[in-house]
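Residue strings, one per chain:
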Amino acid sequence: MKNVKKFAALGLAGIMTLAMAAPALAAGDTSEVSGSHVFMFKSVGNAFGVIMYDGFSSYMEQVGENCTEKSPAETTVAAQVQLLDEAITQGAKSISISTNGDTGFDEVFSKAKEANIPIVSVDSKASADFRITHNNQASTADIGAMQVRAAVLIELGVPFDSADGDMAATVEAALADYDGEEIKIGVLSAGIDTPVQNGWIAEMEKELSKDIYAGKVSPELDKKYGNDEAVKSTQEATAFVAENKVDVIISPTTVGIAAAGEVLKQAGVDIKLTGLGLPSEMAPYMPTSPEDDEFSFVCPYMMLWDVSHLGASTAAIQMAVQNDGFDGTEGSTVTMQAWGEYAEETFTAEADADGGTGVLTGIPYVFDKNNMAEWADKL
Ligand code: RAM
C-alpha cells in the first residue's frame, strides 16, 4: 500500500516537536506578525490545528522564514475576520487559513488582496475569488465515501483488515447479504457552515444514494453540530444517546469524534463511532492491539491523514507564491523541498468545482487495531 509507506515516514519534524509547539497569539496580540507568514486555524486549542501549525512552522524555519499562529479563541467567522484584519494591518507576509464559514470574509480578504498579502486556504476553503489556491488534505469524495463505508462495515461487524484495501467491494458484498433493519447513520459535525465538513457530508450523501445502500442504509443522515467545541460536541453526542435513533455516528472532526468517544464509552450504549480522529485522542475508545476484539470498543476504526505534512505543504505553497511566481492557476506547480523524512515533492494546481483551484497533498489513512499502538504516541 503506497499510502502506508508514505505515512510511515511521518515523524521527524512535526510530531516529535508537538510538545514544543509555539503558543498561539491571543486575540489582539500585536507582536510577531510584521513580515511573518500568518497561519490561522479555526480556533486555538484544537490539537489538529496545533499539529498542522507545527508542520507549517517547521518548514518555514527550514527555509529561513518567520511565521506566527494567529487563531481565534472562538470557532466563528467573526472572530477570524477580526484577527485577519489585525494581521493585515500589522503587515503579515502571507495568510494561510482554515475557515469557519464560506461567507463573511469578502471585505477582509479584499483588504488582504489590496495589500498584496497572498491567501492560501487549507483544510477548510476560502472563497475562490480571493485565495491563490486551496490545499486539500485528501480527495473530498474519498473522505466522504470512506466514512460511510466504515460506518456501515462497523455496524455490520466487518473488521477493517478484512476489506483488504477495497472497502467499496467489501461494503457491497456485506450489504448484499444483509436483510436486517435499515441502518441509521448520525453525523456529529463541526459548525453548520463549515466548508470542509459540509463538503464531506455532501459526499457522504452521494455515496448513500448508490443502489447498494437502498433499503439497507437510510439515505438520510441525522446531523448535529458541535461547532468544534468540546462542550457543545459533548452535548450533541449526549443528545444522540438520549434520542437513540442512530446505529452509528460519523464524526468528521477530531474534536467531535473525541467528545463522542467519551460520551458513548460512559453511556455504555450500542451506538458505534467512526470518522476523522487523532490516534492520540482516540486511543481510549479504540482497540490498540491486533488481539483486541474491535467491536467491543466504541470506535473500531477511523481515518485521518498526515496533519503535520499538511501544514508543511501549506508553507511550501506560500513559499512558491513568494519565490517562484506560483499563482494557483490550473496546471501550475509547487515544489516542496525535501522536509523531515520526506523527499522533494511536486504538487499541481487542479480546477475546483467552485471556480478556483486546489492542490491535493495527502491521502486518507485508516487507523485500526493493527496500527493504533504505533500511532497513538505520534499523531
Ligand atoms: C478538526 C477540524 C478540521 C478537520 C479535522 C479532521 O480538527 O474541524 O477541519 O479536518 O478535524
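Let us look at the sheet that holds strand S7 (residues 222–225). Strand order in this open sheet of 4 strands is S7-S6-S8-S9, and the pairing throughout is parallel. With partners counted over all chains shown, the strands left at the sheet margins are S7 and strand S9 (272–275), one partner each. Between one strand and the next, the sheet's axes are offset by a mean angle of 25°, whatever the strand orientation. When strand S8 (residues 248–251) meets S9, the two strands line up parallel, connected through 4 bridges. Residue Ile249 lies in a different strand from S9, and its bridge partner there is Leu273. Strands strand S6 (185–189), S8 and S9 of the sheet are contacted by helix H6 (residues 140–155), whose axis makes an angle of about 160° with S9. Sheet strands touched by helix H10 (residues 254–267): S6, S8 and S9. Its angle to S9, the strand with the most contacts, is close to 170°.

Turning to the nonpolar core, a few remarks are in order. Core analysis: the biggest nonpolar cluster contains 90 residues, and Ile185, Leu273, Met282, Leu304, Trp305, Val307 and Phe367 have the highest contact counts within it. Taken domain by domain, the makeup of this core includes at least three residues from each of domain 1 (4–137 + 306–363) and domain 2 (140–304). Those residues within four positions of Ile185 in sequence are excluded, and the remaining contacts are Ala151, Val152, Leu208, Val217, Glu220, Leu221, Asp222, Val246, Val248 and Ile250. Leu84, Ile97, Phe105 and Ala126 belong to the second-largest nonpolar core, a separate cluster that totals 15 residues.

Parameters at a glance
- Residues numbered from 1 in each chain as written.
- Predicted model: local features only at pLDDT ≥ 70, side-chain atom pairs only at ≥ 80, totals over all residues.
- Heavy atoms only, no water.
- Pairing = 2+ DSSP bridges.
- Helix = DSSP H or I, 4+ residues; strand = E, 2+ residues; numbered from the N terminus.
- Axes fitted to C-alpha atoms, helices over the stretch in contact; angles between N-to-C directions.
- Contact = heavy atoms within 4.5 Å.
- Core = buried A, V, L, I, M, F, W, Y, C linked by side-chain atoms within 4.5 Å.
- Buried < 20%, exposed > 50% of the residue type's maximum accessible area, 1.4 Å probe, protein only.
- Domains from an automatic or database assignment.

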